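Here is how the chains run, residue by residue.
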Amino acid sequence: MNSYNRTAHHRCALILAGGHSQRMGVDKARLSFQGTSLLERAVAFWRCCDMEQIYVSLAPGSDLPLPSDVTPIYDVIPDRGPLGGLYSAFRTTDAPLLWISGVDMPFLSKDAVLPEPQRDAVVYRMDGNPQPLFGVYRRSILPQVEHMLQQGDCRMTGLLQQVDTEWVDAPNSFAPVFLNWNAPEDMLRSLAGSPPMISVAGWSGTGKTTFLEQLIPALKQRGLRVAVVKHSHHPAQPERPDKDTARLRRSGADAVLFWNGLFQPKAIRTQLPDTDLILVEGFKSEPIPKLALHRMGTPVYSPEDTTVIAHITDKPLVTSRPQLGWNQSDLCAEQLCCLFQLKKQCKA
């Protein structure tokens, strides 16, 4: 068994990062979001919560680099999921309490951090559903966890049913806290919001409006209500037939909003009610899903950016992200409908 520093700390956080990330396709801990990895984001969050010690639960043999003030906890029993990570942390440290979170939970909020439990554990319920991966657990659960693992039972919800658990009903505003990204589709859907908002991104002169003139009719054929946000740093001008906004209306957009302020998704959605999908021309640096447009001779926009749904290009790119040609607007519309579940007859 690995040897750890057994100095007892009262406030300890455990980041669960021992999974295999099979559905995501890449190690979720290393996944980049807003310029940092999900692991770095989780560590920064718990630092802000004044934890005395931060642990990271890892699979045996993991080479995930950790900050110097973070301690790895390698699973004592491999492949037992979050329950195995919790067990290993209590087995190999003297922590009396563990505040836990999954490494794939990017929207943690300090306001949602639960206080020390009076019982064995304190955990949220959201709409009646337990949220065991963002709670606080006492060392007193260790015998029950060990018994469950011996029986082959790795359910965190099963543990909560067998120990003395305090339940806290979460307000609706905490819903993003419990979002976790198991697959690329989970990440893109959560970033897109409701109704989905995606960016059509590309360098100036790439042909964003031309692409939208092809994509919008393909979406309209599927019965969708489509709005377009035209981003500009200049004040709005009277609409002329040759202007981009007029071209977008003629292509079938149900609404075209000219936006020259900061990116404010909530404010934009307020002005676009009764919409199934919002296409934003621009805002390529914002953390929303995007279609990245490329033309021969233009720079390649972030080829491995995980927020890219697909690269729309007239030349093959060196990237693991999906690629579509400029003449494949119908296929692009089909992929958007499937990804954001915008039509019942969608084929997965």
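Residues numbered from 1 in each chain as written. Predicted model: local features only at pLDDT ≥ 70, side-chain atom pairs only at ≥ 80, totals over all residues. Heavy atoms only, no water.

We now examine the pairing of strand β11 (residues 226–231). Every other side chain in a regular strand lies on the same face of the sheet, so the side chains alternate between the two faces. Counting buried residues in β11 gives six out of six residues, a clear majority hidden from the surface. Here β11 shows two buried faces, one formed by Val226, Val228 and Lys230 and the other by Ala227, Val229 and His231. In terms of strand pairing, β11 meets strand β13 (residues 277–281) through five bridges, oriented parallel. Looking at β13, one finds that Val226 is bridged to Leu277. Pairing between β11 and strand β12 (residues 255–259): five bridges, direction parallel. Its bridge partner lying in β12, Val229 is registered against Leu257. (Buried < 20%, exposed > 50% of the residue type's maximum accessible area, 1.4 Å probe, protein only. Helix = DSSP H or I, 4+ residues; strand = E, 2+ residues; numbered from the N terminus. Pairing = 2+ DSSP bridges.)

Turning our eyes to something else, we now look at the sheet that holds strand β9 (residues 165–169). Read across the sheet, seven strands follow the order β5-β4-β1-β6-β8-β7-β9 without closing on themselves; strand pairing throughout is mixed. Among the strands making up the open sheet, the edge pair consists of β5 (70–74) and β9. Across the sheet, the axes of successive neighbouring strands diverge by a mean angle of 30 degrees, strand direction being ignored. Two strands pair when backbone bridges link them, and strand β1 (residues 12–16) and strand β6 (residues 97–102) are joined in this way by four bridges, in the parallel orientation. Directly across from Leu16, in β6, lies its bridge partner Gly102. Helix-sheet contacts for helix α2 (residues 81–92) involve β1, β4 (53–58), β5, β6 and β8 (129–138), and the interaxial angle to β1 is about 145 degrees. (Axes fitted to C-alpha atoms, helices over the stretch in contact; angles between N-to-C directions. Contact = heavy atoms within 4.5 Å.)

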